[in-house]
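Geometric and topological summary
The residues making up each chain are set out below.
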Amino acid sequence: MGNSEEARDASVRLPHMKLDELLEELQARLDAARGTRDRVHSLLEAVLLVGRDLQLEQALRTIVEAAATLVDAEYAALGVIGPDGRSLSAFYTVGVGEEQIARIGRYPEGHGILGELIRHPEPLRLPKLSEHPASYGFPVHHPPMNTFLGVPIRV
């Protein structure tokens, strides 16, 4: 009789354990969805700032910060194409401090991967940045970067 009671208890615990696992997974997915919703909301707020009475520079900084948050990126940048249509006239960054920026030197001008985005304004996702034919490395003191997501924004 002891064995049948143990078997019955085990059969009752098994569905209960599965239900707990399912509930935990559901909660994790809900938390992830809330996080994504919050990040998208932040990005949309940043985009709306462009139309308000803010300085353009502050609006662009806010957009790049929101974009980094949205995709959970350690580093992010937004380059503004200059009047010649081939090089960058401004560059806004996230994740690199002012001291490190000073050690790196001048901002990119639109060669390499960034030039690729200028010449071919289409989203570019690279699992290994250094393997792209347009990649030619980073300046001294630049933080190491492996993956890349570039999305042209045209206004």
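Just above sits the structure.
This report concerns the structure included in the present document. Since this is a predicted model, take the numbers as computed values, not measurements.

Once that is clear, we can look at the overall build of the protein chain. Each helix and strand counted, the protein chain has four helices and four strands in total. Reading the protein chain from its N end, one meets helices and strands in the order α-α-β-β-α-α-β-β. Taking all 155 residues of the protein chain together, 22% fall into the buried category. Taking the contacts inside the protein chain whose residues are at least 6 apart along the sequence as the reference set, 39% of them involve residues at least 24 apart. Of the accessible surface of the protein chain, which amounts to about 11,600 Å², a share of 56% is contributed by carbon and sulfur atoms.

Time to look at the pattern of salt bridges. Counting across every chain of the model gives five salt bridges. Residue R29 is joined to E25 by a salt bridge in which the shortest nitrogen-to-oxygen separation is 2.8 Å. Of this pair, R29 and E25 both sit in helix α1 (residues 2–49), four residues apart, roughly one helical turn. For E25, a relative accessible area of 39% puts it in the partly exposed group. Two residues, R106 and E109, come together in a salt bridge whose shortest N-O distance is 3.2 Å. Residue classification places E109 among the partly exposed positions, given a relative accessible area of 32%.

Here D72, not a glycine, exhibits a phi torsion of approximately 55°, which is positive. With respect to the helices and strands, D72 occurs in the loop between α2 (56–71) and β1 (76–81).

Cut-offs and rules
Residues numbered from 1 in each chain as written. Predicted model: local features only at pLDDT ≥ 70, side-chain atom pairs only at ≥ 80, totals over all residues. Heavy atoms only, no water. Helix = DSSP H or I, 4+ residues; strand = E, 2+ residues; numbered from the N terminus. Buried < 20%, exposed > 50% of the residue type's maximum accessible area, 1.4 Å probe, protein only. Contact = heavy atoms within 4.5 Å. Areas by Shrake-Rupley, 256 points an atom, 1.4 Å probe, with all protein chains shown as cover. Salt bridge = Lys/Arg side-chain N within 4 Å of Asp/Glu carboxyl O.

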